[in-house]
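The primary structure of each chain is shown beneath.
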Amino acid sequence: MPHVPSFQTVRLARGRHAAPEQGVCTVELASMLAGDRFSDSPRTACAAVAAFVRGYNDAIDDGRRQDLFAIAALLVGSSSSQEATHARMWRLITYARDLRPRRLGLLGPRLSYEDDLVKCESAGRHVAKVARRHPRVHTEALDLLERLLESRGTVLGAPAPVAPNAPPPAPAAV
């Protein structure tokens, strides 16, 4: 009887795959964990973070790629509002740009959503290239991805939501 890979037995690999038997990338693993159809664009994952992770997954070495298992789990259920997705996208693109601004033609004044996602995937590839030369960048990228995905529907850096019955904040001292 042939072995059918599961999320418990797969090893993360580069590229897009037609079936888990051929390997899985980080985002395809997220689709398996979510119980979605096998895809590198699962419905439950934040489109911006998934785009970045696809590019990053494909550009890093096999050893570092295995560090993305936790990211796959965090991608499950990370789909959110368009505002949160857009904020995550620009946070990832800005992070990549800040690593080496002159090498990236990533930022434009206003682009369409689809163009931005392509740029987000390109940003992931760029961060991976920098991480090859500077190991701390890999750790920083994983930390950033975890923070973005743990924010579950909120915009990173935005004020925390206020409870309905909470007293109003005290006025700032002048």
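Scroll up to find the structure.
Anyway, here's the lowdown on the structure attached to this text. These figures come from a predicted structure and were not determined experimentally.

About the cut-offs
Within each chain, residue numbers correspond to sequence positions counted from 1 in written order. Whole-chain, interface and lining totals are the exception, using all residues; otherwise, since this is a predicted model, local features are given only for residues with pLDDT of at least 70 and side-chain atom pairs are given and counted only at 80 or more. With hydrogens and water set aside, each side-chain value is computed from the structure's full complement of heavy atoms. Strands here are runs of E lasting at least two residues and helices are runs of H or I lasting at least four, both read from the DSSP assignment and numbered beginning at the N terminus. Per-residue accessibility, obtained with a 1.4 Å probe over protein chains only, is compared with the maximum for each type, and a residue is labelled buried under 20%, exposed over 50%, and partly exposed between these values. Any two residues whose heavy atoms approach within 4.5 Å are treated as being in contact. Think of it this way: a Phe, Tyr or Trp ring, Trp meaning its six-membered ring, pairs with another when their centres are within 6.5 Å, and the plane angle makes it stacked under 30 degrees, edge-to-face over 60, tilted otherwise. Only one rule defines a salt bridge in this text: a Lys or Arg side-chain nitrogen within 4 Å of an Asp or Glu carboxyl oxygen. To obtain an axis, a line is fitted to C-alpha atoms, over the contacting stretch when the element is a helix, and the angle between two such axes runs from 0 to 180 degrees between their N-to-C directions. Here the angle decides the label: under 35 degrees means roughly parallel, over 145 means roughly antiparallel, 65 to 115 means roughly perpendicular, and every other value means oblique. Should the near helix be turned counterclockwise from the far one by less than a right angle, the crossing is left-handed, whereas a clockwise turn marks it as right-handed. Residues are grouped as follows: nonpolar covers Ala, Val, Leu, Ile, Met, Phe, Trp, Tyr, Cys and Pro; charged covers Asp, Glu, Lys and Arg; every other residue, Gly included, is treated as polar.

**Topic: the overall build of the protein chain**
Helix and strand counts for the protein chain stand at seven helices and zero strands. For the protein chain, buried positions account for 42% of its 174 residues. Counted over contacts in the protein chain with a minimum sequence separation of 6, partners at least 24 positions apart contribute 66%.

**Some words on the packing of aromatic side chains**
Under the criterion given, the structure shown has one aromatic pair. Their ring planes at 10 degrees and their centres at 6.1 Å tell us that Phe-52 and Tyr-56 sit as a pair that is stacked. Of the two residues, Phe-52 and Tyr-56 both sit in helix α2 (residues 47-59), four residues apart, roughly one turn of that helix. The residues Phe-52 and Tyr-56 share a single accessibility class, namely buried.

**Remarks on helix α1 (residues 26-34)**
With seven of nine residues buried, α1 lies mostly within the body of the structure. Among the residues of α1, Thr-26, Val-27, Glu-28, Leu-29, Ala-30, Ser-31 and Met-32 are the ones counted as buried. Those residues of α1 that are buried lie in contact with α2 and α4 (69-75).

**Section: the pattern of salt bridges**
Under the defined criterion, the tally for this structure stands at six salt bridges. Of the charged contacts in the structure, one is a salt bridge between Asp-36 and Arg-43, with a shortest N-O distance of 3.4 Å. You can call Asp-36 buried: its relative accessible area is 16%. With relative accessibility at 69%, the residue Arg-43 sits in the exposed group. Between Arg-65 and Asp-62 there is a salt bridge, with the nearest N and O atoms lying 3.1 Å from each other. With Arg-65 and Asp-62 both in helix α3 (residues 62-65), this residue pair falls three residues apart, about one helical turn. Here Asp-62 falls in the partly exposed class, since its relative accessible area comes to 34%.

**Comments concerning the packing of α2 against helix α7 (residues 135-150)**
Packing of α2 against α7 leaves a shortest axis separation of 11 Å and a crossing angle of 160 degrees. Our classification of the angle between α2 and α7 gives roughly antiparallel. In the packing of α2 onto α7, the handedness of the crossing is left-handed. Across from Val-49, Phe-52, Val-53 and Tyr-56 in α2, the residues of α7 making contact are His-138, Ala-141, Leu-145 and Leu-149. Along the lines of polarity and charge, the residues of the contact of α2 with α7 split into seven nonpolar, one polar and no charged.

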